[in-house]
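Here are the chains, one letter per residue:
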Amino acid sequence: MTSGTVPEDGAEPTRKITKRLGARRPLSHDGRHRAGIAERPPVAPPPAASGPAVQLRMPAVWMVAVLVAIGAWRIGLIFADAVRLYPRASAVAFVLFAAYAVPFIWVVREVDWLEREPFVLLATAFCWGGLVATAMANIGNTAAQEILAKVFSPSFADRWAPAIVGPTNEETLKALGVVAIVLLAKRHVNSVVDGFVYGALVGLGFQVVEDFVYSINSVVLAGDGDTIMPVVATFLVRGFLGGLWSHTLFTALVGAGVGYAVVRTDRPLRIRVGVAVLAYLGAWTLHFVWNSPLLRDGFGIGVGGLIAGLLIKGIPGFVAVLLMLRVARRHEAGYYLGRLNGIEPILVAPDEMDALVTARGRSAARKRAAAKAGLRADRTVRRLQRAQAKLAVEISRSGYPSYWEAARNPNPRTPALERCVREILLARQRLVALGIPVASRYGREQRTPLGGWSCALAIAGLLVPGASVIALILVGIGTVSARRQRISPDNRLGMASSIGVLATALWIVVYLLHGFSGG
């Protein structure tokens, strides 16, 4: 094996390979990989030695701490009354909505894949949404609804207050949570994706606590004592049917706007502020449409009309925010992974860099490895990709001189870089032993009729009962067939699986609610 090349077979000890690093100077960022698509994206990584995430001597820390304490006290009173009056319903509601938050947190962490945010700031964002924003909105919404009733009429307030008051008060309070994160640790808001992540967690905290309160209110309105059916119905309606396009999504959009305003210092102030305001107005509009009485009962054609109404109100905003996030993530990946241009191929091969740019590429590389050498190869590729991403972030923080110094002469000044190199080399050795010298996304991939039919049926399943189940069966057949042939499955099977599961769950929830209502 020559210096700086990827081994074709066998594996040398990590110590011997390490001696060969640093033999080349970094190449210029010529954009020859997809990672070089954004040489000047909205990213400003913090310095390597940034210290604690939050400095206790900052006044903003104590301001946030006091507000969180006040919010915790007010929400605690609500929870205490609920537990005292309806212990069983409260316990079920707590378990359901705590479990409900888990997949959202996992998704947010996956979005935050490259440059992970400090846990203390993520927890602060969640607490702001769940305690501060919820407690203040509980007071402000009631007062604003009374004002609407006096200015217009009680019937107008009952019909339109949720659509007017809710977005105005709640989106403002949640946006202040993202601003609070900026005041606490501006250096950790270094991309639009970071703003999205903090905003999503603020919204998730608000969503979980608000839904708990609504579930207990439904028990009170039912008038049947400490029963759990109203809690389950509220969970299905607010947690599931409205969960994908609710507070988490709204505030993520606001957070992305705040992140843009903070990071893009190369743009005029009026543009940065304008983007943040547009993001806020976008979230307000999505919230208004979702809370409005329009299409609340569907099209009057039963269960299918109800689902159609929900999809029409929720999906456009959901898709728009996801497209925005996709662009932001590609810009972030373009910056960080562009730092790997010129690094020895034994650390990051060109095809591996191409796979690292997107979540789909990383998944395709893992699937290809798994098809060739099983789940062990899948896990090893995952470790390799994680270590390569860490190396990209550390180089962006410390600079190329620190990397070349760490590669040639290990010293206490570059422990993070050295650790990344060791992790990559260890994962590389394991992959070579499995017969996979390069963890690329390319390989023999079939494009089968099952992939196309499963996608079509999954989409149709959003409106036609049973079609999504057939789609999931086709997905299973296609996946098993690919595994037996030891090739990568058709990528369309993954999309069909996601849509099919969503459509099937939607129909199950709607029929459950239909049964609860007795009709």
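All of these numbers come straight from a predicted model, not from anything done at the bench.

Participant: I tried to follow the overall build of the protein on my own but got confused; where do I start?
Facilitator: Within the protein, the regular secondary structure consists of 18 helices and zero strands. Per-residue burial for the protein yields a buried fraction of 50% across its 519 residues. Here the analysis covers contacts within the protein between residues at least 6 apart in sequence; of these, 81% occur between residues at least 24 apart.

Participant: Would you explain the pattern of salt bridges in this entry?
Facilitator: Two side chains that carry opposite charge are able to pair once their charged atoms sit near each other. Scanning all chains against the criterion turns up nine salt bridges. When the shortest N-O distance is used, the salt bridge between Asp 266 and Arg 264 registers 2.8 Å. With a relative accessible area of 43%, Asp 266 lands in the partly exposed category. Three or more residues are tied together by salt bridges with common partners; here these are Glu 210, Asp 211 and Arg 238.

Participant: Where do I start with empty space enclosed by the protein in this structure?
Facilitator: The tally for this structure, following the rule as stated, stands at two cavities of 30 Å³ or more. As a volume, the largest cavity reaches approximately 50 Å³. Forming the walls of the largest cavity are Trp 245, Leu 249, Phe 250, Leu 286, Trp 290, Lys 313, Gly 314, Gly 317 and Phe 318. For the lining of the largest cavity, the elements supplying multiple residues, two or more each, are helix H8 (247–263), helix H9 (269–291) and helix H10 (303–338). For the lining of the largest cavity, the leading source of residues is H10, giving four residues.

Participant: Got a minute to help me understand the packing of aromatic side chains in this structure?
Facilitator: Within a pair of aromatic rings, the relevant descriptors are the distance that separates the centres and the angle that separates the planes. Evaluated as defined, the whole model comprises nine aromatic pairs. On the basis of an interplanar angle of 25 degrees and a centroid distance of 4.2 Å, the ring pair of Phe 79 and Phe 212 is categorised as stacked. With Phe 79 in helix H2 (residues 59–85) and Phe 212 in helix H6 (residues 192–222), the pair connects residues that are 133 residues apart, well separated along the chain. Ring centres of Trp 160 and Phe 288 lie 6.1 Å apart, and the angle between their planes is 15 degrees; on these two criteria the pair is classed as stacked. Of this pair, Trp 160 sits in helix H5 (residues 154–184) while Phe 288 sits in helix H9; the two residues are 128 residues apart in sequence, bridging distant segments of the chain. Three or more aromatic residues joined by ring pairs form one cluster here, namely Phe 97, Tyr 100, Phe 104 and Phe 235. Over the ring of Phe 206 we find Lys 174; its NZ or CZ atom is 5.3 Å from the centre of that ring.

Participant: Whenever I open this one, the packing of H5 against H9 confuses me. Can you help?
Facilitator: When two helices pack together, their arrangement is given by the angle between the helix axes and the distance between those axes. Axis separation between H5 and H9 bottoms out at 8 Å; the angle between their running directions is 150 degrees. Relative to H9, the element H5 lies roughly antiparallel. Considering how the two elements wind past one another, H5 and H9 form a crossing that is right-handed. Contacts from Trp 160, Pro 162, Ala 163, Ile 164, Gly 166, Pro 167, Thr 168, Glu 170, Glu 171 and Thr 172 in H5 reach Tyr 280, Ala 283, Trp 284, His 287, Phe 288 and Asn 291 in H9. Here the contact of H5 with H9 is composed, by residue class, of nine nonpolar, five polar and two charged.

The rules we used
Residues numbered from 1 in each chain as written. Predicted model: local features only at pLDDT ≥ 70, side-chain atom pairs only at ≥ 80, totals over all residues. Heavy atoms only, no water. Helix = DSSP H or I, 4+ residues; strand = E, 2+ residues; numbered from the N terminus. Buried < 20%, exposed > 50% of the residue type's maximum accessible area, 1.4 Å probe, protein only. Contact = heavy atoms within 4.5 Å. Salt bridge = Lys/Arg side-chain N within 4 Å of Asp/Glu carboxyl O. 1 Å grid on protein atoms, 1.4 Å probe; cavity = no way out; pocket = protein on both sides within 12 Å on 5 of 7 lines; lining within 4 Å. Points joined across faces, edges and corners; volume = space filled by probe spheres on them. Phe/Tyr/Trp six-rings, centres within 6.5 Å; stacked < 30°, edge-to-face > 60°. Lys NZ or Arg CZ within 6 Å of the ring centre and 35° of its normal. Axes fitted to C-alpha atoms, helices over the stretch in contact; angles between N-to-C directions. Parallel < 35°, antiparallel > 145°, perpendicular 65-115°, else oblique. Left-handed = near helix turned anticlockwise from the far one by under 90°. Nonpolar A, V, L, I, M, F, W, Y, C, P; charged D, E, K, R; others polar.

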